[in-house]
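# Residue-level structural notes
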Protein chains: 2
Amino acid sequence: MHENCRLESVKNNGNSKPEVEEVDRNHVLSERKRREKINERFTILGSLVPSGGKVDKVSILDHTIEYLRELERRIEELESHKEAAELGSSTQSKPLDAIERTSDNYGPSKNGSTKKPSINKRKASEMEKTGGESTRSRLRDSSTDNVTITIADNDVSIEMRCSWRECVLLEVMEAISKLHLNTQSVQSSIDDGILSMTIKAKCKGLKTASASVIRQALQRVVRKS
Amino acid sequence: MHENCRLESVKNNGNSKPEVEEVDRNHVLSERKRREKINERFTILGSLVPSGGKVDKVSILDHTIEYLRELERRIEELESHKEAAELGSSTQSKPLDAIERTSDNYGPSKNGSTKKPSINKRKASEMEKTGGESTRSRLRDSSTDNVTITIADNDVSIEMRCSWRECVLLEVMEAISKLHLNTQSVQSSIDDGILSMTIKAKCKGLKTASASVIRQALQRVVRKS
DNA sequence: ATCAACACGTGATCC
DNA sequence: TGGATCACGTGTTGA
């Protein structure tokens, strides 16, 4: 890739053959389409991930990465618990175990391996260094305490507090609505800049909404702006 | 969005001020940096999600989205199991006690266990803005519509009742927000299909919407679908 | 006025 | 030859 031989492009006289014109019309067009496609995904991702208010691309990617790792961590943890529980009364749960091979593929990922047949692959996060105290296992931010979710049957009770911000209540309710919950009652008040609310809702459809998902969604709204 | 009439390209000779050169050198440089930052995240993401061999940006984003949803689904499921296990201390008799549960295959969407994930393939449209929810409710029970507005200084008190409809509360609050009112407190409940609410708000700006304007806006929300 | 983030059009490269 | 993807430099816009 040597560069720098480029001067002003030839914008010139429409005299030359229209072929060129046509072809790069298409070019510019498809590129535009590609861009908007990418941006669409970015928007989706940003709405899917606890990106605290930040919407720029790098932040979205960063938060996505972090969130992904956290989710995997939690899954691993939950599964180990589940296994421990399943394995009968074996009193001890295994402390920690690398369940799977940690294949690190990084960088120029040009593996010609796994073809397209069913995606049966799962990636591990990066290696956990041996030794070294890298466990920030409890990655809970302090705002966790602000949201309390109680679920009984189809009834969901949400109790939360957060510092007030304009439209925050509206956004909370939008979030709830998007979770397929029908709001049944609301009580909210502002005290000393702190918004407190209690919301009761019912599951709209058969879709299981919940628990942590709700909490995360709400925290996403609350968490910074 | 018309634009033109801007042809300000003074191609200055390097004579006058080097600052120009400097400044957009910086520009191109930082942009380059931004790009490589983004690409770095893309690489990481691509190594973190089960991307079936595809490494192009759109695919990475797509797979990330899909994977993220799957992880959340999975967590949800595991947590519900965990809750069930915790609460029900009764013997969880597993029909089979095959211990060979070592390997994990969380494959993509191949679980047939007690759950029917309604898979939505691709095609996630955007969200944003208000409005879009099309809920067909053709009932216009105007007899129950009742809106009372009280304005004192900057304080607006809204008391209204209407027949309940999905998202109606949300839309009411959106309408209020659009009227430049800051919602201070909300009380709402549903009784026998009738939604009653009391909302107190403060005028955001200096412009105070008149009571009739507010009332009309709210009534429009109530009887529109 | 500096900085950061973005979208755009364009040339290059790879099936 | 053509469609798709990328990196690049640039113009623009908000803080």
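Before any of the text, the structure's been laid out above.
This section reports on the structure supplied with the text. The written sequence of each chain sets the order in which its residues are numbered from 1. Here every chain gets a letter starting at A, and every ligand a number starting at 1, in the order they are written. Reporting of local features is limited, given that this is a predicted model, to residues whose pLDDT is at least 70; pairs of side-chain atoms are given and counted only at 80 or more, and all residues count toward the totals for whole chains, interfaces and linings. Hydrogen atoms and water are omitted, and side-chain values are computed over all heavy atoms in the structure.

### What about the overall build of chain A?
Definition in use: To qualify as a helix, a DSSP run of H or I must reach at least 4 residues; to qualify as a strand, a run of E must reach at least 2; elements of each kind are numbered from the N terminus. Buried residues are those whose accessible area, probed at 1.4 Å on protein chains only, stays under 20% of the maximum for their type, while exposed residues exceed 50% and partly exposed ones sit between those limits. Any pair of residues with heavy atoms lying within 4.5 Å of one another is described as a contacting pair. Here the open area of atoms and residues is found with the Shrake-Rupley method and a 1.4 Å probe, where only the protein chains shown may cover a residue.
Across its full length, chain A holds four helices and four strands. Along chain A, helices and strands appear, N-terminal first, in the series α-α-β-β-α-β-β-α. Per-residue burial over chain A gives 30% buried out of 225 residues. Residue pairs at least 24 apart in sequence account for 55% of intrachain contacts in chain A once pairs closer than 6 positions are excluded. On chain A, roughly 15,400 Å² of surface is accessible, and the fraction owed to carbon and sulfur atoms is 50%.

### Here's the deal with the nonpolar core
Short version of the rule: For this analysis, a nonpolar core means a set of buried residues of the types Ala, Val, Leu, Ile, Met, Phe, Trp, Tyr and Cys, connected via side-chain atoms within 4.5 Å.
By size, the foremost hydrophobic cluster in this structure holds 53 residues, and its most contacted members are A:V172, A:L218, B:I158, B:V172, B:I214 and B:L218. One finds A:I44, A:I60, A:Y67 and B:Y67 within the second-largest nonpolar core, a separate group that totals 30 residues.

### Some remarks on the protein's contact with DNA strand D
To be explicit about the condition: Here a residue counts as near a molecule or strand whenever at least one of its heavy atoms sits within 4 Å of it. Any pair of N or O atoms that falls within 3.5 Å is considered a polar contact. Within protein, one atom must be able to donate a hydrogen and the other to accept it, and sequence-neighbouring residues count only if both atoms are side-chain atoms. Residues are grouped as follows: nonpolar covers Ala, Val, Leu, Ile, Met, Phe, Trp, Tyr, Cys and Pro; charged covers Asp, Glu, Lys and Arg; every other residue, Gly included, is treated as polar.
As a matter of local geometry, DNA strand D sits amid 12 residues, with A:H27, A:R34, B:H27, B:R35 and B:K57 nearest to it. For DNA strand D, the backbone portion of the atoms within 4 Å of the protein, that is sugar and phosphate, comes to 49%. With respect to DNA strand D, the side chain of A:R34 contributes an N or O atom lying 2.7 Å from a phosphate oxygen. Here B:R35 contributes a side-chain N or O atom positioned 3.0 Å from a base nitrogen of DNA strand D. When residues of the surface near DNA strand D are traced back to their parent elements, those giving at least two are α1 (18-48) of chain A together with α1 (18-48) of chain B. Residue contributions to the surface near DNA strand D peak at six residues, all from α1(B). A per-class count over the surface near DNA strand D returns one nonpolar, three polar and eight charged.

### So, unusual backbone geometry
Residue and element names in this part refer to chain B. Of note in the backbone geometry, H180 takes a positive phi value of approximately 60° without being a glycine. With respect to the helices, strands and loops of the structure, H180 is situated in the loop between α3 (168-178) and β3 (181-191). Given a relative accessible area of 38%, H180 falls into the partly exposed group. Positive phi, close to 55°, is recorded for D192, a residue that is not glycine. Secondary-structure assignment places D192 in the loop between β3 and β4 (194-203).

### A short note on the pairing of strand β1 (residues 146-152) of chain B
All names here are of chain B. Here is the rule: At least two DSSP bridges between two strands are needed for those strands to be called paired.
Strand direction decides the pairing type here: β1 and strand β2 (residues 155-163), joined by seven bridges, are antiparallel. Across the sheet, residue N146 finds its bridge partner in β2, namely R161. Following β1, the chain reverses through two residues before pairing antiparallel with β2; D153 in that reversal takes a positive phi of roughly 55°.

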